[in-house]
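# Examining the three-dimensional arrangement
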Amino acid sequence: MTALSNSKRYFTLVGTILCQFGLGSVYTWSLFNEGLSAKLSQPLTQVAFTFGLLSLALAFGSSLSGKLQEKFGLRSVAITAGLALGLGLYLTSTASNLALLYIYGGILVGAADGAGYLLTLSNCVKWFPERKGLASAFSIGAYGLGSLGFKYLNLELINRFGMDNAFGLWAIAALVLVVGGALLISEAPQARAQTAGAGARDYTLAEAVSQPRYWLLALMFLTVCMSGLYLIGVAKDVGERYVGLSTSVAADTVAIIAAANLLGRLVLGILSDKIARIHIISIALACALTGMAMLLFVPLNEYSFFFAVACVAFSFGGTITVYPGLVSDFFGLTNLARNYGLIYLGFGIGSVVGSIVSFALGGFLPTFYLSLLLLFASLLCSISLWPSRSHHAKTATVH
């Protein structure tokens, strides 16, 4: 590698981290729900639905990012995503009814976030074909840290300047991070993208979806996202109503989830450069299965509940970190944004399926049982995808 291309890939890594940090800020949305509910004189549940729309739009934006990159180029799309994210956040502060809130805060913010997220992530992975897990861990770890960092920033902005002004300042901060990061990013050259590993072949999306293993990977991803996102959303309530914890103790679940989620991203992401990624996913699924089984069948106290929740959060964080590299192991790096983009729709679908099941069947337990069954099936699917003979741990490409 030339000194110039080496410099480009490290600038790209820094730029990707900045972009991901700004994009991750959307996960502080719940801080604004009560203020928006009071301002619009609408029930909190209807206002909170904005984040469900945001998650769906994020998944669809991610799935389209590869096509947008082909047409307009990576940097142009990433800069536009940053501008659209800032605009969406600003317009949210002007929303005078639920419909506008859903359009600005849900659809526009989510689509912009998704397009920038998957595009910059997949490009960074292409620059580091020999360290795909580490590149994903840095990128997605920055996304998670963005939600943590902006939690404190946005709380301070709300307390000091009020909700509407906080939205405007948040918009500026996110825009500067994403656009500034995008300016540092270089698009990975095709020749480099094709050095995924020994024997790796690049599949188009049409070729990839014609293979059963693609849909097995999609099922596994959907399952982890559904179980992880649902539990993350209701963990405090489960602790209070199901386990019988006090409000203050149950609130500690939020910190447990954040720590386990980040740990999963770092540990499993880094390990995936040393152990076959499909084996790492099997470990993550077994971990989530253990946590879900504990929630259903083990008498829970404070510590066993925290451990069970941590297992699911660890699995979720690790899975979304390892998956870009895993998809490239199976289907090549060149079309990663498109091939992973369709699978990533499972994130958006998973974000609502758990809640729909819970609402339809009444309570946490039906969703936990469904998650348990799907996790068990997904674990079997992952084992069926193990290579039939020994491969180099970093490639483990199945043909």
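Residue indices follow the written sequence of each chain, beginning from 1 at its first position. Only residues with pLDDT of at least 70 get local features here, since the model is predicted, and only at 80 or more are side-chain atom pairs given and counted; chain-wide, interface and lining totals rely on the full set of residues. Working from all heavy atoms in the structure, the side-chain values ignore hydrogens and water.

### Re the overall build of the protein
Along the backbone of the protein there are 16 helices and zero strands. Restricting the calculation to C-alpha atoms gives the radius of gyration, and the globule rule supplies 2.2 Å times the number of residues raised to the power 0.38. By the compact-globule yardstick of 21 Å for 399 residues, the protein fits well, its C-alpha radius of gyration being 20 Å. Principal axes of the C-alpha set define a box for the protein whose edges measure 60 × 50 × 30 Å. For every residue, the accessible area obtained with a 1.4 Å probe (protein chains only) is divided by the maximum for its type, and the residue is called buried under 20%, exposed over 50%, and partly exposed between those limits. Within the protein, the fraction of its 399 residues that count as buried is 55%. Only heavy atoms matter for contacts: two residues are in contact if any of them lie within 4.5 Å across the pair. Put simply, of all contacts in the protein between residues at least 6 apart along the chain, 84% involve residues at least 24 apart. What sets the accessible areas is the Shrake-Rupley method with a 1.4 Å probe; for residues, cover comes only from the shown protein chains. For the protein, the accessible surface area stands at approximately 15,900 Å², while carbon and sulfur atoms represent 69% of it. His is not counted, nor are the chain ends; Lys and Arg add positive charge and Asp and Glu add negative charge. Just so you know, the charge point we use is NZ for Lys, CZ for Arg, CG for Asp and CD for Glu. For the protein, the distance from the average position of its 22 positive side-chain charges to the average position of its 15 negative side-chain charges is 10 Å. Secondary structure elements are defined from DSSP: runs of H or I of at least 4 residues count as helices, runs of E of at least 2 residues count as strands, and each element is numbered from the N terminus.

### Topic: the domain arrangement of the protein
When the domains of the protein are assigned, the result is domain 1 (9-187) and domain 2 (204-387). A separation of 22 Å is found between the C-alpha centroids of domain 1 and domain 2. At the interface, 32 residues of domain 1 touch 29 residues of domain 2. Put simply, a salt bridge is a Lys or Arg side-chain nitrogen that is within 4 Å of an Asp or Glu carboxyl oxygen. Taken together, the links from domain 1 to domain 2 amount to two salt bridges. Here a polar contact is recorded for every N or O atom pair within 3.5 Å, except that within protein the pair must consist of a potential hydrogen donor and a potential acceptor, and residues adjacent in sequence are included only if both atoms are side-chain atoms. Our count for the domain 1 to domain 2 interface comes out at nine residue pairs in polar contact (both at pLDDT 80 or more). In this entry, domain limits derive from an automatic or database-based domain assignment.

### Side note on the nonpolar core
By nonpolar core is meant a set of buried Ala, Val, Leu, Ile, Met, Phe, Trp, Tyr and Cys residues that side-chain atoms within 4.5 Å join together. Ranked by size, the top nonpolar core spans 106 residues in total, and within it Tyr323 and Tyr340 carry the most contacts. A per-element tally of this core places helix α13 (residues 302-331) first, with 17 residues. No fewer than three residues from each of domain 1 (9-187) and domain 2 (204-387) sit in this core. In this view, Tyr340 contacts Leu118, Leu121, Phe221, Ile320, Tyr323, Pro324 and Val327; residues no more than four positions away in its chain are not counted.

### Points about a nonpolar patch on the surface
Residues enter a patch when their relative accessible area is above 30% and they make no salt bridge; the linking distance is 9 Å between like charges and 5 Å between nonpolar side chains (Val, Leu, Ile, Met, Phe, Trp, Tyr). A cluster of nonpolar side chains, namely Leu263, Leu266, Val267, Ile270, Leu271 and Ile275, defines an oily patch on the protein surface of about 420 Å² accessible area. For Val267, a relative accessible area of 32% gives the class partly exposed.

### Brief notes about the side chain of Asp273
Position of Asp273 among the secondary structure elements: in the loop between α11 (247-271) and α12 (277-297). Residue classification places Asp273 among the buried positions, given a relative accessible area of 8%. At 2.9 Å, the side chain of Asp273 forms a polar contact with the side chain of Arg277.

### Quick notes on the environment of Met292
Along the chain, Met292 turns up in helix α12. Taking the C-alpha atoms as reference points, Met292 and Leu375, 83 residues apart in sequence, are found 8.9 Å from one another. The residues contacting Met292, other than those within four sequence positions of it, are Ser227, Val312, Phe368, Ser371, Leu372 and Leu375.

### Looking at unusual backbone geometry
Unusually for a residue other than glycine, Ser41 sits at a positive phi of about 55°. For Ser41, the position within the fold is in the loop between α2 (33-40) and α3 (44-72).

### Some thoughts on the packing of aromatic side chains
Each aromatic ring pair is described using two quantities: the centre-to-centre distance and the angle formed by the ring planes. Side-chain rings of Phe, Tyr and Trp (the six-membered ring for Trp) are treated as a pair once their centres are within 6.5 Å; stacked means planes under 30 degrees apart, edge-to-face means over 60, and tilted covers the remaining angles. A full pass over the atoms with the stated rule returns 25 aromatic pairs. When the centroid spacing of 5.5 Å and the interplanar angle of 65° are considered together, the rings of Tyr214 and Phe331 count as edge-to-face. Of this pair, Tyr214 sits in helix α10 (residues 212-243) while Phe331 sits in helix α13, and the two are 117 residues apart along the sequence. Since its relative accessible area comes to 0%, Tyr214 is described here as buried. On the accessibility criterion, Phe331 (0% relative accessible area) is buried.

### A look at empty space enclosed by the protein
Over the atoms, a rolling probe the size of a water molecule traces out where space has been left empty. Each cavity reported here is a set of points on a 1 Å grid over the protein atoms alone in which a 1.4 Å probe fits but cannot get out, each pocket an open set with protein on both sides within 12 Å along at least five of seven lines, and each lining residue one with an atom within 4 Å of a point. Grid points are joined across faces, edges and corners, and a volume is the space filled by probe spheres set on the points. Considering all chains together, one arrives at one cavity of 30 Å³ or more under this definition. What the largest cavity holds in volume is close to 30 Å³. The wall of the largest cavity is formed by Gly228, Leu231, Ile232, Ile257, Val309, Val312 and Ala313. Contributions of two or more residues to the lining of the largest cavity are made by α10 and α13. Looking at the lining of the largest cavity residue by residue, the class counts come to six nonpolar, one polar and no charged. Each residue is assigned to one class: nonpolar for Ala, Val, Leu, Ile, Met, Phe, Trp, Tyr, Cys and Pro, charged for Asp, Glu, Lys and Arg, and polar for all the others, Gly among them.

### With respect to helix α5 (residues 98-127)
Helix length check: α5 (30 residues) gives 42 Å between terminal C-alpha atoms against 44 Å at 1.5 Å per residue, within 8%. Summarising burial for α5: 24 of the 30 residues are buried, a large majority. Regarding α5, its N-cap is Asn97, as a side-chain oxygen of that residue lies 3.2 Å from the backbone nitrogen of Ala99 further along. One fewer than the residue count of a helix, multiplied by 1.5 Å, yields its expected span.

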